[in-house]
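For reference, the chains in residue letters:
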Amino acid sequence: MQQRLQEAIAFHRQGELAAARAIYEKILAGDPGHADSLHLLGLVHWQCGDSQRALDHIDRAIARNPNSAAYFSNRGNVLKSLMRLDDALASHDRAIALNPRFAEAHNNRGNVLKELGRLDDALASYERAIALVPDFADALTNKASVLAALKRFEEALTIYDRAIALRPDHADAHNNRGNVLRNMGRLNDALASYETAIDLRPDHASAHNNRGNVLKDMGRLDDSLKSYDLAISLQPDLADAHGNRGNVLLALKRLEAALASYDTAITLRPDRAEAHNSRGTVLREMGRLAEALASHEKAIGLRPDHAGAHNNRGNVLRDLGRLVDAVGSYDAAIAIQPDFADALSNRGNALLDLGDLDAALASYDRSIALMPNHAKAHNNRGNVLKAMGRLDDALSACERALALDPDCEYLPGNIAHLQCYLCDWTSRDQSIARLRAGVASGALVSTPFPLLALADDPLLQRQAAELFARKKTAGLARSAPAAVAARRERIHLAYLSADFHDHATAFLMAELFERHDRGRFELTAISFGPDSSDVMRQRLRSAFDRFIEVRGMGDAEVARLCNEIGVDIAIDLKGYTTDSRPGILAARCAPIQVNYLGYPGTMGAGFIDYLIADRVLIDDADLDGYSEKIIRLPGSYQANDRRRRISERKFTRPECGLPEEAMVYCCFNNNYKISPETFDSWMRILGRVPHSVLWLFEDNPTAARNLRREAEKRGIAAERLVFASRLPLPEHLARHGLADLFLDTLPCNAHTTASDALWAGLPVLTLKGRSFAARVAASLNRAVGLPELTTGSREDYEQQAVALATHPDRLAAIKQRLADNRATCPLFDCEGFARHLEEAYVLIIREHDAGHAPRHISMDGPGDGGKAPANADALSGT
């Protein structure tokens, strides 16, 4: 029997477990109580992954021989694999009590203590094992792993090197050494250590998994994914590898695959908080916010001290509009980990959304104090400083962020736009060139909006919009749109906006909502803006059949809601402006989706079917600059509310700082729209019209200083620029009467500002460009009956501005015509506009029902504003 036992042990040591098992079982067939065979057969079952059978055999061995330290030590190892950690610790303690000099039992005891999170006690156990056997390589390796967990990386590395010197073929030591080097930022050295471990043990699944981690850190995502796949092929139940694989797939925006990997990791280890936390992250990316929140809360339930899960929960709550709760979640993360710079930065974002600007700034400052090179925190700090009106400081913060991270998404465009706000043109040409090159290469250098004021180029604007749309909606789960209902009595329209309150969009649209034919159309407002209680909000609430607040819902949830209530046509009034939610449309909230009014350009997104324009805004030659099919309305594309009140207050020129007798040109556009080329024209005009002044809106003091300086550089006295402060809209409209002529900007025209001027009786002289934003004023002039005020060249623009100043009778005649036209012109005929727009809606429903793909539609009738026939003639050349 002893000879057969030694033969079995020899097979066992060589890894030939089946042969060893057969002999152990033969011995036990003859002697069922043979303790050593029971113990060793238990080890074979454990090595084969059957821990429960292993425990049963070892317990039977202990029953036969309760004084064997080795039996109790191995029993502790089996109990650890069953995650019965307290029992495992007791078993190792019994082994040590039986043999206090049993180094392996001290080592194994340290492993259990480490798993329990008792790192200092684990370290003491390993040190006792090493004191007993100084060349105990496993104990040295395990001690080093605890030192690494305690972030004592240099000490850990020294001990790994000592273990490897004792046993150069110790694959685990090389693997763990790689972990330390990775934590020290020595990625190439870490990769070499992992690869040495793999060379020694090609089936070392953990080393392949860790190799994937360092490759991910190095940005080699595809190679990383291959390493994880190999680790999983070697050990399919390695939960960490599935979770890490999910992280790479998330970085690659392969969201469905990432979610599947996290789900597998959770199936294997339901108690792993990190997998639940990561699952929440990918669900958030997919717009499944309620599920994301549940995943993060599951992670927190498993590990209440998981700072990252509290932080990520805050991110989801912020997306849901639960901003106070979000701040609370970030606070919880920071309480657990006071040096959590990301959580402090995210907390600042939520406070910024709440309008608590000072607190937001303080949060960003704390984040940066902890991590001075935190580019996102500097960028976010720039955002809050911009909101505070501290534009110079905002620019400095954003420039610092760009210096730290030249690839920071959209930051170059943000900086260029801030420079526009400040009328700082010193590097404008270089900025535009950089943005053009970046967009052409597919880089995320700018959101679409800044380019409207920087480049009159429809194709460039489309490219930037397409890049932004892909990034913004990547991986968002698309719900299948409900078919348009078999012709119900009314077509269901849903207008989507964050601006159903005192906002420029509402000022234009309010009467249109009221004028819609309720016999033919059902109206729903999908509101994701602030819950305002102003007068405009109350007016709008009564204008819709339904007014649905969705601020606390995810994009996919809102899309499902729209499908459930049977929306036929969704009209997005935001585009890519502040607080927009393109993800709702990406998730297909309606069978037909339309881009209108809020964003003057293409959305570059396949999920937007139509863009509402007119025949002035978009020429056939520029159709390639738009991803949508174009609906051309007669008159102008722009709705207008005739109930906009003009104050009865009588302003005087002296009280506004204007000369009594001189020609007063004005431009009340935001300062960011003033380009150096436009300003050159203005200064030449002032130079040709003695004593004339230019009345501008003062957006910020730096812009005013810069514009005065630029005027002097062009030979015009600074005092000939007069700046106006903000006033409530009725008073602002009233003071237009002090000006003689509105001078428009290019490449971004006056939009609502132009219709305000025309409504107040002030003619608008514009220079027509190529892009949508550069043609709005031309569209308005045609619809108000003053097409001659639209020019085609800078020379003509300047000549007309001078001629109207030097021929006051001509200017007076234009003003009179404007006054006469106001009551009857298409621009301010909201009733007629509503009918034309409704005919367009009917037409695109018919096209859809007939099974036709969206196509360009012209509603143009004869002249500028008569009843437009419903037709679907393709635009020429398409």
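Below you will find a few notes about this structure. (Residues numbered from 1 in each chain as written. Predicted model: local features only at pLDDT ≥ 70, side-chain atom pairs only at ≥ 80, totals over all residues. Heavy atoms only, no water.)

On to the pairing of strand E9 (residues 693–697), then. Counting buried residues in E9 gives 5 out of 5 residues, a clear majority hidden from the surface. Looking at chain direction, strand E8 (residues 664–667) and E9 are connected through 4 bridges and run parallel. Residue pairing across strands places valine 664 opposite valine 693, the latter belonging to E9. Bridge count between E9 and strand E10 (residues 721–724): 4 bridges; the pairing is parallel. Directly across from tryptophan 695, in E10, lies its bridge partner valine 722. Since E9 and E10 lie parallel, the crossover through helix H34 (residues 701–713) that links them has a hand, and here it is right-handed. (Buried < 20%, exposed > 50% of the residue type's maximum accessible area, 1.4 Å probe, protein only. Helix = DSSP H or I, 4+ residues; strand = E, 2+ residues; numbered from the N terminus. Pairing = 2+ DSSP bridges. Right-handed = clockwise from strand over helix to strand, strands pointing away.)

What follows is about the side chain of serine 345. In this fold, serine 345 is placed in helix H21 (residues 341–354). Classification of serine 345 as buried rests on a relative accessible area of 2%. Those residues in contact with serine 345 that sit more than four places away from it in its chain are Tyr364, Ser367, His374, Lys376, Ala377 and Asn380. (Contact = heavy atoms within 4.5 Å.)

Let's shift gears to the sheet that holds strand E12 (residues 764–767). One open sheet accounts for 6 strands, arranged E10-E9-E8-E11-E12-E13; its pairing is parallel. At either end of the open sheet lies a strand with only one pairing partner, and these are E10 and strand E13 (790–791).

Under the criterion given, the structure shown has 19 aromatic pairs. Look at phenylalanine 521 and tyrosine 841: their rings are 6.4 Å apart centre to centre, the planes differ by 65°, and that puts the pair in the edge-to-face class. Of this pair, phenylalanine 521 sits in strand E2 (residues 521–527) while tyrosine 841 sits in helix H40 (residues 830–849), and the two are 320 residues apart along the sequence. You'll find phenylalanine 521 and tyrosine 841 in the same group, each marked buried. Put simply, the rings of Tyr495, Phe500, Phe513, Phe544 and Phe547 touch in pairs and so form one group of aromatic residues. The ring of phenylalanine 72 has arginine 94 sitting right over it, with the charged end atom 5.8 Å from the ring centre. The cationic tip of arginine 822 hangs over the ring face of tryptophan 759; the distance from NZ or CZ to the ring centre is 3.9 Å. (Phe/Tyr/Trp six-rings, centres within 6.5 Å; stacked < 30°, edge-to-face > 60°. Lys NZ or Arg CZ within 6 Å of the ring centre and 35° of its normal.)

For an α-helix the count is 3.6 residues per turn, leaving residues at separations of three or four pointing the same way. Here helix H6 (residues 85–98) spans 20 Å end to end across 14 residues, near enough to the 20 Å set by a 1.5 Å rise per residue. Taken together, the buried positions of H6 are Leu85, Ala88, Leu89, Ser91, His92, Ala95 and Ile96. Buried residues in H6, looked at end-on, bunch into an arc of 160°, giving them a common side. Facing away from the buried side of H6 by more than 90 degrees, the exposed set consists of Asp86 and Ala97. Its buried side turned inward, H6 meets helix H5 (69–81) and helix H7 (103–115). (Expected span 1.5 Å × (residues − 1). Arc of directions from axis to C-beta.)

Here the focus is the environment of isoleucine 300. Within the secondary structure layout, isoleucine 300 lies in helix H18 (residues 289–302). On the basis of relative accessibility, which here comes to 14%, the residue isoleucine 300 falls in the buried class. For the pair formed by isoleucine 300 and glycine 737, sequence separation is 437 residues and the distance between their alpha carbons is 62 Å. With near-sequence residues (within four places) excluded, isoleucine 300 lies in contact with Ala309, His310 and Arg313.

Here the focus is the nonpolar core. Ranked by internal contacts, the top residues of the largest apolar core, which has 119 residues, are Tyr495, Tyr665 and Trp695. Here this core gets 10 residues from one element, more than from any other, and that element is H40. The next biggest cluster of nonpolar side chains, apart from the first, holds 88 residues, and it includes Leu435, Phe528, Val550 and Val567. (Core = buried A, V, L, I, M, F, W, Y, C linked by side-chain atoms within 4.5 Å.)

On to the side chain of serine 73, then. Among the secondary structure elements, serine 73 is positioned in helix H5. Sequence-distant contacts of serine 73, defined by excluding residues within four places in its chain, comprise His92, Ala95, Phe102, Glu104, Ala105 and Asn108.

On to helix H19 (residues 307–319). Along its 13 residues, H19 runs 19 Å from first to last C-alpha, staying within 8% of the 18 Å computed at 1.5 Å per residue. When you tally the buried positions in H19, you get 11 out of 13 residues, the bulk of the element. By the burial criterion, the buried members of H19 are Ala307, Gly308, Ala309, His310, Asn311, Asn312, Arg313, Gly314, Asn315, Val316 and Leu317. Residues of H19 that are buried make contact with helix H17 (273–285), H18, helix H20 (323–336) and H21. Two residues or fewer past H19, glycine 321 is found with a positive phi of approximately 80°.

This part covers unusual backbone geometry. Following leucine 746, the chain continues into proline 747 via a peptide bond in cis, with omega recorded as 15°. With respect to the secondary-structure elements, proline 747 resides in the loop between strand E11 (741–743) and helix H36 (752–759). Within the chain, aspartate 579 stands out as a residue other than glycine whose phi angle is a positive 70°. With respect to the helices and strands, the residue aspartate 579 is situated in the loop between strand E4 (569–572) and helix H32 (582–586). In this model, leucine 597 sits at a positive phi of 70°, which is unusual for a non-glycine residue. Looking at where leucine 597 falls in the secondary structure, it is placed in the loop between strand E5 (592–595) and strand E6 (610–614). Overall, the relative accessible area of 11% leaves leucine 597 in the buried class.

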